[in-house]
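Observations on chain architecture
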Amino acid sequence: MAKARIAVIGAGLMGHGIAQVFALAGHDVTIYDSVRASLDAARDRILTNLKDLGDNQDAVSRVTPVANLGDAVRDADYVVEAVLEDLPLKQKLFGEIEAHVRPDTILASNTSVIPITAIMQGLKHRGRALGTHWWNPPYLVPLVEVIETEWTSPEAVDVTMRLHADAGKKPAHVKKDVPGFIGNRLQHALWREAIALVEHGICDAETVDSVIKAAFGRRLAVLGPLENADMVGTDLTLAIHKTVLPDIDSRPGPSPYLEKLVAEGKLGFKSGEGFRRWTAGQQAELRSKVLQHLKNARAQD
Ligand SMILES: NC(=O)c1ccc[n+]([C@@H]2O[C@H](COP(=O)([O-])OP(=O)(O)OC[C@H]3O[C@@H](n4cnc5c(N)ncnc54)[C@H](O)[C@@H]3O)[C@@H](O)[C@H]2O)c1
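Residues numbered from 1 in each chain as written. Predicted model: local features only at pLDDT ≥ 70, side-chain atom pairs only at ≥ 80, totals over all residues. Heavy atoms only, no water.

1. Some details on a nonpolar patch on the surface
On the surface, a nonpolar cluster with roughly 590 Å² of combined accessible area is contributed by Met231, Val232, Leu236, Ile240, Val244, Leu245 and Ile248. Breaking the nonpolar patch down by element, the ones donating at least two residues are helix 10 (225-232) and helix 11 (234-244). By residue number, the principal contributor to the nonpolar patch is helix 11, which donates three residues. Here Leu236 lies in helix 11. (Patch = residues over 30% accessible without salt bridge, like charges linked within 9 Å, V, L, I, M, F, W, Y side chains within 5 Å. Areas by Shrake-Rupley, 256 points an atom, 1.4 Å probe, with all protein chains shown as cover. Salt bridge = Lys/Arg side-chain N within 4 Å of Asp/Glu carboxyl O. Helix = DSSP H or I, 4+ residues; strand = E, 2+ residues; numbered from the N terminus.)

Right, here's the structure in full:
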């Protein structure tokens, strides 16, 4: 798609950032939100981000807030939904959207974990429907997972992959609609063992995080696990797995340790304590450190 008409549904944290990326890439973007205050704030949020990142501020002029869903999507070549993580809401919205768009308009959901198949099953033209899982903040994290269902046409996948690559993102094709797609499966496999190490008294939470940040976390941005396995040898990897895997947490459900934290109201930053205690100052410091790290990484891309 050279210059496309893109509709973003939901103007929250992810929606306004996705709109920003497409507008910066030269596309015309309409954005819709059922909450007037979110819609009204979208352009200001985008302008603030563009200024902060030193990106072309003219991009905001290509974003048009629209207060009616039908008007927002009617002329769109591509629609991406980023409303609340609620299956019935997403199903209902896509049903309404389909009534207003051409049969070949691509429809994408930015759900974090809901199966794309469940969201899109009621559509008449399911070949044009897929998932695009962006990461927060959309204008700093490069990955967008492009998730195919059993109905998605190869053409819809191709167009979506190219659209995102041309907008400067790193699209990854997820060929089967599995829970957590690729990124969150990998991330939460690690989190499961991280929690188990604390639960079994092997170390405390701060130590788990320090070990990752001071060791393989340093390499992860440039060396993926399978590249790493090839680098050290698949034979060595096999030998390590024979010893270590039988001892690694493989329980199918969430850890009882995590369930206890939640039951005790230890919800993390929002309650001041989760795996660790957090003052307001420590929370702000960590958030700002992550943001600066992502900005530095983007500058080096
Ligand atoms: N926050 C993340 O890190 C992240 C990352 C990847 C994917 N996601 C997914 O993206 C989606 C949006 O998440 P978010 O973090 O931007 O949430 P958010 O709460 O910041 O934004 C959601 C927006 O949807 C709007 N909305 C609610 N009902 C609506 C409706 N009927 N029509 C139009 N708009 C409606 C809300 O007013 C709000 O502005 C969710 O599915 C979430 O799981 C979030």
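2. Focus: the side chain of Gln20
Here Gln20 shows up in helix 1 (residues 13-24). Excluding residues that lie within four positions of it along the chain, Gln20 makes contacts with Ile46, Asn49, Leu50, Leu53 and Tyr139. (Contact = heavy atoms within 4.5 Å.)

3. Remarks on the site of the ligand
Lining the immediate surroundings of the ligand are 20 residues, of which Met14, Asp33, Glu85, Lys90 and Ser112 lie closest. Taking Leu13, its main chain carries an N or O atom lying 2.9 Å from an oxygen atom of the ligand. Protein chains shield 77% of the accessible area of the ligand, which is 840 Å² for the free molecule. Among the cavities detected, the one that contains the ligand is the second largest pocket. Going through the elements one at a time, helix 1, helix 4 (87-98) and strand 6 (129-134) are the ones with two or more residues in the shell around the ligand. Of the residues contributing to the shell around the ligand, the split by class is nine nonpolar, eight polar and three charged. (Near = heavy atom within 4 Å. Polar contact = N/O pair within 3.5 Å; in protein donor to acceptor, adjacent residues only side chain to side chain. 1 Å grid on protein atoms, 1.4 Å probe; cavity = no way out; pocket = protein on both sides within 12 Å on 5 of 7 lines; lining within 4 Å. Sits in = over half its atoms within 2 Å of the grid points. Nonpolar A, V, L, I, M, F, W, Y, C, P; charged D, E, K, R; others polar.)

4. Some thoughts on the environment of Val232
Tracing the backbone through its elements, the reader meets Val232 in helix 10. It is 37 Å that separates the C-alpha atoms of Val232 and Glu259, two residues lying 27 residues apart in sequence.

5. Description of the pairing of strand 2 (residues 28-32)
With five bridges joining them, strand 1 (residues 5-9) and strand 2 adopt parallel strand pairing. Paired with Ile6 across the strands is Val29, a residue of strand 2. At this point the chain moves from strand 1, through helix 1, to the parallel strand 2, and the crossover so formed is right-handed. The sheet contact formed by strand 2 and strand 3 (residues 63-65) spans three bridges and is parallel. Residue pairing for strand 3: Thr30 is matched across the bridge by Thr64. The parallel pair strand 2 and strand 3 is bridged by helix 2 (residues 36-53), and the resulting crossover is right-handed. (Pairing = 2+ DSSP bridges. Right-handed = clockwise from strand over helix to strand, strands pointing away.)

6. Notes on the pattern of salt bridges
Enumeration over the complete set of coordinates arrives at 20 salt bridges. Note that Lys90 and Glu85 form a salt bridge whose closest N and O atoms lie 3.8 Å from each other. What makes Lys90 buried here is its relative accessible area of 1%. Ionic pairing is found between Arg276 and Asp209, a salt bridge with its closest N-O pair at 3.8 Å. Of this pair, Arg276 sits in the loop between helix 12 (256-263) and helix 13 (280-300) while Asp209 is found in helix 8 (residues 205-214), placing the two residues 67 residues apart along the sequence. With a relative accessible area of 24%, Arg276 lands in the partly exposed category. For Asp209, a relative accessible area of 34% corresponds to the partly exposed category. Beyond isolated ion pairs, a larger network of salt bridges with shared partners links Lys260, Glu264, Lys266, Glu273 and Arg277. (Buried < 20%, exposed > 50% of the residue type's maximum accessible area, 1.4 Å probe, protein only.)

7. Some details on the layout of surface pockets
There is about 1000 Å³ of room inside the second largest pocket. Around the second largest pocket, the lining is made up of 45 residues, and of these Gly12, Leu13, Met14, Gly15 and Asn136 lie nearest the centre. Within the residue set of the lining of the second largest pocket, elements represented by two or more residues are helix 1, helix 2, helix 4, strand 6 and helix 13. It is helix 13 that contributes the most residues to the lining of the second largest pocket, six residues altogether. Taken together, the residues that form the lining of the second largest pocket break down as 24 nonpolar, twelve polar and nine charged. (Points joined across faces, edges and corners; volume = space filled by probe spheres on them.)

8. Some details on helix 8
Residues of helix 8 that are buried include every one of Ala205, Val208 and Ile212, and no others. Taken down its axis, helix 8 places every buried residue within 60° of arc, on the same side. The exposed residues of helix 8 that point more than 90 degrees off its buried face are Lys213 and Ala214. (Arc of directions from axis to C-beta.)

9. Topic: the environment of Lys295
On the secondary structure map, Lys295 appears in helix 13. Between the C-alpha atoms of Lys295 and Tyr139, which are 156 residues apart in sequence, the distance is 9.6 Å. The residues touching Lys295, leaving out its near neighbours within four places in the chain, are Asp52, Leu53 and Leu140.

10. Brief notes about unusual backbone geometry
A cis amide bond links Asn136 with the next residue in sequence, Pro137, at an omega value of -5°. Although it is not a glycine, Phe181 sits at a positive phi angle of roughly 55°. Position of Phe181 among the secondary structure elements: in the loop between strand 8 (170-174) and helix 7 (183-199). We classify Phe181 as buried; its relative accessible area is 1%.

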